[in-house]
Amino acid sequence: MKSLLLFVGIFILNSSFSQTKTINTVTIGNLEIMTEDLLVEPNTWRTLTKASLEIGGGWRLPTIDELSVLYTNRDLIGGFDKYCYWSSTEFPNSADQDAVFYIMFNAHNGEDGKQVGCLKTEKAWVRHVRLTK
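This report concerns the structure included in the present document. (Residues numbered from 1 in each chain as written. Predicted model: local features only at pLDDT ≥ 70, side-chain atom pairs only at ≥ 80, totals over all residues. Heavy atoms only, no water.)

Tallied over the full model, the rule gives seven salt bridges. A salt bridge links arginine 130 to glutamate 32, with the nearest nitrogen and oxygen atoms 2.8 Å apart. In this pair, arginine 130 sits in strand E6 (residues 129-131) while glutamate 32 sits in strand E2 (residues 31-34), placing the two residues 98 residues apart along the sequence. Between lysine 82 and aspartate 37 there is a salt bridge, with its nearest N and O atoms 3.6 Å apart. You can see lysine 82 sitting in the loop between helix H4 (74-77) and strand E3 (84-90) and its partner aspartate 37 sitting in the loop between E2 and helix H2 (45-55), a full 45 residues away along the chain. For aspartate 37, a relative accessible area of 12% corresponds to the buried category. (Salt bridge = Lys/Arg side-chain N within 4 Å of Asp/Glu carboxyl O. Helix = DSSP H or I, 4+ residues; strand = E, 2+ residues; numbered from the N terminus. Buried < 20%, exposed > 50% of the residue type's maximum accessible area, 1.4 Å probe, protein only.)

Below, the structure is given as structure tokens:
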């Protein structure tokens, strides 16, 4: 019985923490953008897509065009201290049809802002977006 109560207590604590976490955003046009990355480590495209669904509220990976807007406005949005950020846009003509675009942020090699096709199994970061109502 004590184990069950402890489990219920931990579940309630975790649920209330996730519901009370403040998400800071910036709006550009009709696009609401999180001002920080939610995950502390880079991850695969599939893992981050699944995490977006778990966040709910319409949050998702940006399209490559939306990610370009994020890159252009990175100083206004802030927090882009990681290397590469995923988009939801599939890379055309991929031999295995398992690649999507990402954009290099902070490449430090002259390739900042470059759009690259990358396998979904590679690891990168995501900045969640959603459309405003």
